[in-house]
Amino acid sequence: MRGLQCSKSLYLYKFFIQKRDAVSSEQQAIFNRGNNVGVLAQKLFPNGVDATPAKRSNNIEAVEKTRKLIESGVEVIYEAAFQFNQVLAILDILVKKDNEWYAYEVKSSTKISPTYILDASLQYWVITNSGIPLTDISLVIINNQYVRNGDVDLKGLFSIKSVLKEALSNQDLVQDNINRSMAVVNTPAEPDIKIGEQCFSPYNCDFMGNCWKGVPSNSVFEITGIKKTELFTLYNNGYKTIDQIPAVNELDKNVNIHIQAIKDKKALVDKVSISGFLQKLKYPLFFMDFETFMPAVPLFEKTKPYQHIPFQYSLHYKKDQHSKLEHFEFLADEHSDPRKAFLESLLKDTESEGTILVYDILMERNVLNGLKKDFPEFASEIDSRISRIVDLVQPFQERAYYHPDMKNSFSIKNVLPALVPELSYSNLKIGSGSVAMIAFENLKKESDMFRALETREQLLEYCKLDTFAMVKIFEVLEGVS
Ligand code: SF4
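Residues numbered from 1 in each chain as written. Predicted model: local features only at pLDDT ≥ 70, side-chain atom pairs only at ≥ 80, totals over all residues. Heavy atoms only, no water.

Participant: Kindly report on the overall build of the chain, identifying the contributing residues and their values.
Facilitator: Within the chain, the secondary structure is distributed over 19 helices and 13 strands. When its C-alpha atoms are laid out on the principal axes, the chain stretches across 80 × 60 × 40 Å. Buried residues in the chain amount to 48% of all 481 residues. Considering only residue pairs separated by 6 or more positions, the chain has 68% of its internal contacts joining residues 24 or more positions apart. For the chain, the exposed surface amounts to about 24,600 Å²; the carbon and sulfur share of it is 51%. Charge-centre separation for the chain: the mean point of 56 positive side chains lies 2 Å from the mean point of 62 negative side chains. (Helix = DSSP H or I, 4+ residues; strand = E, 2+ residues; numbered from the N terminus. Buried < 20%, exposed > 50% of the residue type's maximum accessible area, 1.4 Å probe, protein only. Contact = heavy atoms within 4.5 Å. Areas by Shrake-Rupley, 256 points an atom, 1.4 Å probe, with all protein chains shown as cover. Lys, Arg positive; Asp, Glu negative; His and termini not counted. Charge placed at Lys NZ, Arg CZ, Asp CG, Glu CD.)

This is the structure we're talking about:
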């Protein structure tokens, strides 16, 4: 599967694994989630035997263990391992029913992707060629329409979709790709492959630290909001850095604003638009930010898989232009459903009149609308808060204020260092929403009270910085209007 994305990646993986990028905590959390969902899905087929060897990387032992389990008449095998012609496949669940074999591969996703089908096709090829005739092969995915009602209903949570037809029609393709991959690992020279769109599709390659080290800073790849194809066309036509892009080009208008700002080395400021935006705001001002987590398996009543569950907010408050800044915050108890306590505290802290500023409205509005469905008794109060929200991203999205360091991105993580360079997330242990999400989820498993307290402090510090950053960004806008 790796070789399908890029044969150089396969070669490096086989012979120079030490060149691989370190796994980030975000990626590790995704892997862990996959493992947890996989273990839960095993309960769909109970009383199975796990073929995982004592030492996880000992694939030969795993294949041998699987063979012995099959021979001894075991009818449900988890992590069943097969090998044929040097190709290894480890299947999540193998089931024997009425003397016929069925294969199940579990994915923590809610959709079936072409990559999953190719993966299942390869498994079908290995398993059937190694002597187990499969009557069917299916993907087990998460059903995003499932709503928890009491204990988790596994049959409702998971959807099982047969991909036998696709796997059968892919068998020649699988054979061709195996031949190609074999040629790569049996050739001493590293494949001569340049960086390209394959580095990002279907996954971000984990050898980018190796292959991309020659890409200069301020390269065209730092431009966001533009298709990778266009970026590679520029790069391959010799425009390595943004300032080398010619003034006359066919790129998007906003990308050209970015290019011009880089060339001029200064911010573009439209004072009239900024004043217009500021006039819409009414004191007292609230600067609000939420943190959420998204459990694959719903933890609470009436929630769906991957639903955003709010667990934390930060709120900076400015009564009038000259008053002192105040701060309010909420961080839920990690052991119970945080939604109602979150909502009640938020409604109380935002009770008075005034504009509620958020940065990128989508998350906050969606969370509030979700809470409205979950707690209809608070609907009118929630609606009144939603009606007071104004998005602070607007002047940046509309290019009323544009700084070259924003790199065509309006994420607060790009806007803040451009406008307020002295304020940074880099010294924080928790420095992004996704890390905050993982940290909160992990709190449930933390048995060391001091470590738990430390994590809670870090979460509070992070969320507080998010809204303080909004205050500072707002002050910059006020200063130029
Ligand atoms: S970074 Fe790109 S070129 Fe390098 S191995 Fe990965 S996919 Fe291939």
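There's more to say after this.
Participant: Please provide a residue-by-residue account of the sheet that holds strand β11 (residues 356-358), values included.
Facilitator: An order of β10-β9-β8-β11-β12 is seen for the five strands of this open sheet, with the pairing classed as mixed. In this open sheet, the two strands that pair with only one neighbour each are β10 (326-331) and β12 (389-391). Between one strand axis and the next, the sheet turns by 25° as a mean value, whatever way the strands run. The pairing of strand β8 (residues 285-293) with strand β9 (residues 309-318) spans nine bridges and is classified as antiparallel. Bridge assignment links Asp289 to a residue of β9, and that residue is Ser314. Relative to β8, helix α18 (residues 433-443) is tilted by about 60°, and along the sheet it contacts β8, β9 and β10. (Pairing = 2+ DSSP bridges. Axes fitted to C-alpha atoms, helices over the stretch in contact; angles between N-to-C directions.)

Participant: For the domain arrangement of the chain, give the residues involved together with the corresponding values.
Facilitator: Its domain assignment divides the chain into domain 1 (2-185), domain 2 (214-264) and domain 3 (267-481). The distance between the C-alpha centroids of domain 2 and domain 3 comes to 32 Å. On the domain 3 side, the residues contacting the 10 residues of domain 2 number seven residues. Of all residues in domain 2, Ile257, His258 and Ala261 bury the most surface against domain 3, accounting for 47% of the area lost on that side. Applying the counting rule to domain 2 against domain 3 returns zero salt bridges. On inspection of domain 2 and its partner domain 3, the count reaches zero residue pairs in polar contact (both at pLDDT 80 or more). (Domains from an automatic or database assignment. Buried area = accessible area lost by both parts, 1.4 Å probe. Salt bridge = Lys/Arg side-chain N within 4 Å of Asp/Glu carboxyl O. Polar contact = N/O pair within 3.5 Å; in protein donor to acceptor, adjacent residues only side chain to side chain.)

Participant: Can you explain the site of the ligand? Please cite residues and give values.
Facilitator: Neighbouring residues of the ligand: Cys6, Ser9, Gln198, Cys199, Cys205, Phe207, Met208 and Cys211. Looking at the shell around the ligand residue by residue, the class counts come to six nonpolar, two polar and no charged. (Near = heavy atom within 4 Å. Nonpolar A, V, L, I, M, F, W, Y, C, P; charged D, E, K, R; others polar.)

Participant: Go over the pattern of salt bridges with me, naming the residues and quoting the values.
Facilitator: Enumeration according to the criterion identifies 16 salt bridges in this entry. Lys413 is paired through a salt bridge with Asp466; the nearest N and O atoms lie 3.7 Å apart. Within this pair, whereas Lys413 is found in helix α17 (residues 412-419), its partner Asp466 is found in helix α19 (residues 449-480), the two being separated by 53 residues in sequence. Residues Glu446 and Arg451 are paired through a salt bridge, measuring 3.4 Å at the closest nitrogen-oxygen approach. On the basis of relative accessible area, Arg451 is assigned to the partly exposed category, the value being 46%. Several salt bridges share partner residues, and in doing so they unite Arg2, Arg20 and Asp206 into one network.

Participant: Could you give me a rundown of the sheet that holds strand β5 (residues 134-142), with the residues and numbers involved?
Facilitator: Reading across from one edge, β1-β2-β3-β4-β5-β6 is the order of the six strands in this open sheet, with mixed pairing throughout. If you trace the sheet from one side to the other, it starts and ends with β1 (49-50) and β6 (158-162), each paired once. Inspection of the sheet shows strand β4 (residues 100-106) paired to β5 by six bridges, in the parallel sense. Counted as the bridge partner of Tyr104 is Ser138 from β5. Helix α4 (residues 59-71) rests against β1, β2 (76-84), β3 (87-97) and β4 of the sheet, and its axis sits at about 120° to β2.

Participant: Describe helix α10 (residues 228-236), with residues and values.
Facilitator: Where α10 is concerned, the buried positions are Leu231, Phe232, Leu234 and Tyr235. End-on view of α10: buried residues confined to an arc of 155°, all on one side of the axis. Looking at the residues trailing α10, positive phi occurs at Gly238, about 100°. (Arc of directions from axis to C-beta.)

Participant: Talk me through the nonpolar core; I want residue IDs and the actual numbers.
Facilitator: The biggest cluster of nonpolar side chains holds 74 residues, and the ones touching the most others in it are Leu357, Tyr359, Phe396, Met406, Leu419 and Leu459. Broken down by element, the residue count for this core peaks at 11 residues, all from α19. Among all residues touching Tyr359, those that are not within four sequence positions of it are Glu364, Asp391, Leu392, Val393, Phe396, Phe410, Ser411, Ile412, Val415 and Met470. By size, the runner-up hydrophobic cluster in this structure holds 31 residues, among which are Leu94, Ile117, Ile137 and Val163. (Core = buried A, V, L, I, M, F, W, Y, C linked by side-chain atoms within 4.5 Å.)

Participant: Could you give an account of the environment of Leu460, with specific residues and numbers?
Facilitator: Looking at the element boundaries, Leu460 is found in helix α19. A relative accessible area of 19% means that Leu460 is categorised as buried. In this structure the C-alpha to C-alpha distance between Leu460 and Glu329, which are 131 residues apart in sequence, comes to 7.7 Å. Apart from the residues within four sequence positions on either side, Leu460 is in contact with Gln312, Glu329 and Leu331.

Participant: Could you give an account of unusual backbone geometry, with specific residues and numbers?
Facilitator: A cis amide bond, omega 5°, links Ser201 with the succeeding residue Pro202. Note that Pro202 resides in the loop between α8 (171-185) and α9 (208-211). The linkage connecting Tyr283 with the following residue, Pro284, adopts the cis geometry, with an omega of 0°. Here Pro284 shows up in the loop between α12 (271-279) and β8. We note that Asn47 has phi near 65°; this positive angle belongs to a residue other than glycine. Counting through the fold element by element, Asn47 comes out in the loop between α3 (25-42) and β1. On the basis of relative accessible area, Asn47 is assigned to the exposed category, the value being 74%.

Participant: Help me get a handle on the pairing of β4, residues and values and all.
Facilitator: Counting buried residues in β4 gives six out of seven residues, a clear majority hidden from the surface. Remark: two residues form the turn of the hairpin made by β3 and β4, two consecutive strands paired antiparallel; Asp98 in that turn has positive phi of roughly 50°. Once the chain exits β4 it traverses helix α5 (residues 114-129) before rejoining the sheet at β5, and the crossover so formed is right-handed. (Right-handed = clockwise from strand over helix to strand, strands pointing away.)

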